[in-house]
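Each chain is listed here by its residues.
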Amino acid sequence: MSVQILTRPVATPDRQVALGTLMAEPEAIISDAPLYSPQSAGLLLLGLLLLLSPGVPEEPKDR
């Protein structure tokens, strides 16, 4: 039969507070992440359609 001994880490209250602040840092309210802009998606789609559109047909030359 095995015997299990439970031990608790010994830390002063100051160290417990310091460890708690390290583990739970508050998140920044404002980030530098780029924001979604739906207008740019339409502009890119328009540019793609212009590139893929067929050219103007030419008149057949007289033979």
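Residues numbered from 1 in each chain as written. Predicted model: local features only at pLDDT ≥ 70, side-chain atom pairs only at ≥ 80, totals over all residues. Heavy atoms only, no water.

### Here we look at the overall build of the protein
When you go through the protein residue by residue, the secondary structure sums to two helices and zero strands. The 63 residues of the protein split such that 0% are buried. Counting only carbon and sulfur atoms, one obtains 64% of the accessible surface of the protein, whose full area is about 7,400 Å². (Helix = DSSP H or I, 4+ residues; strand = E, 2+ residues; numbered from the N terminus. Buried < 20%, exposed > 50% of the residue type's maximum accessible area, 1.4 Å probe, protein only. Areas by Shrake-Rupley, 256 points an atom, 1.4 Å probe, with all protein chains shown as cover.)

### Re a nonpolar patch on the surface
Taken together, Leu45, Leu48, Leu49, Leu51 and Leu52 make up a surface patch of nonpolar side chains, about 570 Å² in accessible area. Topologically, leucine 49 is positioned in helix α2 (residues 38-52). (Patch = residues over 30% accessible without salt bridge, like charges linked within 9 Å, V, L, I, M, F, W, Y side chains within 5 Å. Salt bridge = Lys/Arg side-chain N within 4 Å of Asp/Glu carboxyl O.)

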